[in-house]
Amino acid sequence: GGFAAPTLAVHCVHTGPDDVVTLARNGVSVAHCPRSNGKLGAGSAPLRMWRDAGLEIGLGTDSMVSANAVDFFEEMRAAVYGARAREQDGCLLSARDALRMATLGGARALHREGQIGSLAPGKRADLCVVRMDGLHLAPASDDSPEAALVYGARASDVALTLVDGQVAYDNGRFPRLDISRLRQSVLNLRRTVRTEGASVLAGG
């Protein structure tokens, strides 16, 4: 009964053929976090096996705890490079495939494709606008916008983001956040965690 509810399995680095059959049979989707897996030395996920089995795959970061930054451009690159290196196949995962995993694939993995993941009437208008005029993207941006986004774009290229139609970021500004207060809160929490962690490790 473990799969009675819609299930998202995270990482799945060590899934074998039988595991993948079980996941596919039960409609389980997978959150793929390649940078976290690499940084922690957890292994390289069998992306080809998942895709061949028809699993819905969404791209994730596993949070800043293990990946340091939640930069989806870096995550898309890691997904492509990791999959191709594992299988020694330079054609295994295209830029368009990686972009899909970061957008509609993620929405489908969360069973929310009716609300987010693509631009369509009636959806929530989650939108990311990326500048493509940087020298580091030329001339790829003219030949293939998908390739430029996946292989060359950076977080600093983002000009605007909307969440549910509301501006969340606009050219260096975060209209809905008090950054200085948020930064101080994080620093305070960090001190608390370090102090309590040291006490636990010391047996206090």
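Every value quoted in this text rests on a predicted model; they were computed, and no experiment measured them.

S.K.: Can you walk me through the nonpolar core in this structure?
M.R.: Within soluble globular proteins, side chains that are nonpolar generally end up buried alongside one another. Leu47, Trp50, Phe73 and Met101 are the most contacted members of the largest nonpolar core, which has 31 residues in total. In terms of residue count, helix α5 (residues 72–87) provides more of this core than any other element does, five residues in total. Here methionine 101 is in contact with His32, Leu47, Ile57, Gly58, Leu59, Ala79, Leu93 and Gly106, once residues within four sequence places are set aside.

S.K.: What exactly am I supposed to notice about unusual backbone geometry here?
M.R.: Excluding glycine, a negative phi dihedral is what most residues carry, and trans is how most peptide bonds are arranged. At the junction of alanine 138 and proline 139, the peptide bond is cis and its omega measures out at -5° in the coordinates. The backbone of cysteine 12 sits at a positive phi, close to 55°, despite the residue not being glycine. Structurally, cysteine 12 is set in the loop between β1 (8–10) and α1 (17–25). If you check the backbone angles, histidine 111 has positive phi at about 60° while not being a glycine. Among the secondary structure elements, histidine 111 is positioned in the loop between α7 (104–109) and β4 (127–130). Residue classification places histidine 111 among the partly exposed positions, given a relative accessible area of 42%.

S.K.: Which parts of the structure should I look at to understand the pattern of salt bridges?
M.R.: Pairing is possible between side chains that carry opposite charge, provided their charged atoms lie close to one another. All chains considered together, the criterion is met by eleven salt bridges. One salt bridge connects arginine 131 with aspartate 133, and the closest N-O pair in it is separated by 2.4 Å. The class of aspartate 133 is exposed, set by a relative accessible area of 52%. One salt bridge in this structure joins arginine 173 and aspartate 170, with 3.1 Å as the shortest N-O distance. One continuous salt-bridge network, built from bridges that share partners, spans Arg48, Arg86, Glu87 and Asp89.

S.K.: I would appreciate a short explanation of the sheet that holds β1 in the present structure.
M.R.: As a general point, the strands of a sheet are linked pairwise by backbone hydrogen bonds and lie either parallel or antiparallel. Ordered in space as β1-β2-β3, the three strands form an open sheet in which the pairing is parallel. Only two strands of the sheet have a single neighbouring strand rather than two, namely β1 and β3 (57–59). Ignoring strand direction, the axes of neighbouring strands in this sheet form an average angle of 30°. Examined bridge by bridge, β1 and strand β2 (residues 29–32) share three bridges and lie parallel to one another. Along β2, the bridge assignment pairs valine 10 with alanine 31.

S.K.: Please clarify how the side chain of arginine 77 should be interpreted in this entry.
M.R.: In this fold, arginine 77 is placed in helix α5. It turns out arginine 77 is buried and unbridged, and the closest side chain with the opposite charge, glutamate 74, is 5.4 Å from it. A distance of 2.9 Å separates the side chain of arginine 77 from the backbone oxygen of alanine 153, its partner in a polar contact. The residues contacting arginine 77, other than those within four sequence positions of it, are Leu149, Val150, Tyr151, Gly152 and Ala153.

S.K.: I keep staring at the pairing of β2 and nothing clicks. Help me out?
M.R.: Looking down a regular strand, the side chains alternate between one sheet face and the other. By the alternation rule, side chains of β2 split into Ser29 and Ala31 and Val30 and His32, which are all buried. The parallel pair β1 and β2 is bridged by α1, and the resulting crossover is right-handed. Taken together, the three bridges between β2 and β3 define a ladder with parallel strand orientation. Within the sheet, the bridge partner assigned to alanine 31 lies in β3 and is glycine 58.

S.K.: Which parts of the structure should I look at to understand the packing of α5 against helix α6 (residues 95–102)?
M.R.: Geometry of a packed helix pair, given as the angle between the helix axes and the separation of the axes. At a closest axis distance of 9 Å, the pairing of α5 and α6 adopts a crossing angle of 130°. Our classification of the angle between α5 and α6 gives oblique. Seen along the crossing, α5 lies across α6 with a hand that is right-handed. Along its contact with α5, which presents Phe72, Met76, Ala79 and Val80, the element α6 presents Ala98, Leu99, Met101 and Ala102. In terms of residue class, the contact of α5 with α6 is built from eight nonpolar, no polar and no charged.

Parameters at a glance
Residues numbered from 1 in each chain as written. Predicted model: local features only at pLDDT ≥ 70, side-chain atom pairs only at ≥ 80, totals over all residues. Heavy atoms only, no water. Core = buried A, V, L, I, M, F, W, Y, C linked by side-chain atoms within 4.5 Å. Buried < 20%, exposed > 50% of the residue type's maximum accessible area, 1.4 Å probe, protein only. Helix = DSSP H or I, 4+ residues; strand = E, 2+ residues; numbered from the N terminus. Contact = heavy atoms within 4.5 Å. Salt bridge = Lys/Arg side-chain N within 4 Å of Asp/Glu carboxyl O. Pairing = 2+ DSSP bridges. Axes fitted to C-alpha atoms, helices over the stretch in contact; angles between N-to-C directions. Lys, Arg positive; Asp, Glu negative; His and termini not counted. Polar contact = N/O pair within 3.5 Å; in protein donor to acceptor, adjacent residues only side chain to side chain. Right-handed = clockwise from strand over helix to strand, strands pointing away. Parallel < 35°, antiparallel > 145°, perpendicular 65-115°, else oblique. Left-handed = near helix turned anticlockwise from the far one by under 90°. Nonpolar A, V, L, I, M, F, W, Y, C, P; charged D, E, K, R; others polar.

No statement about biological role is implied by the geometric values presented.
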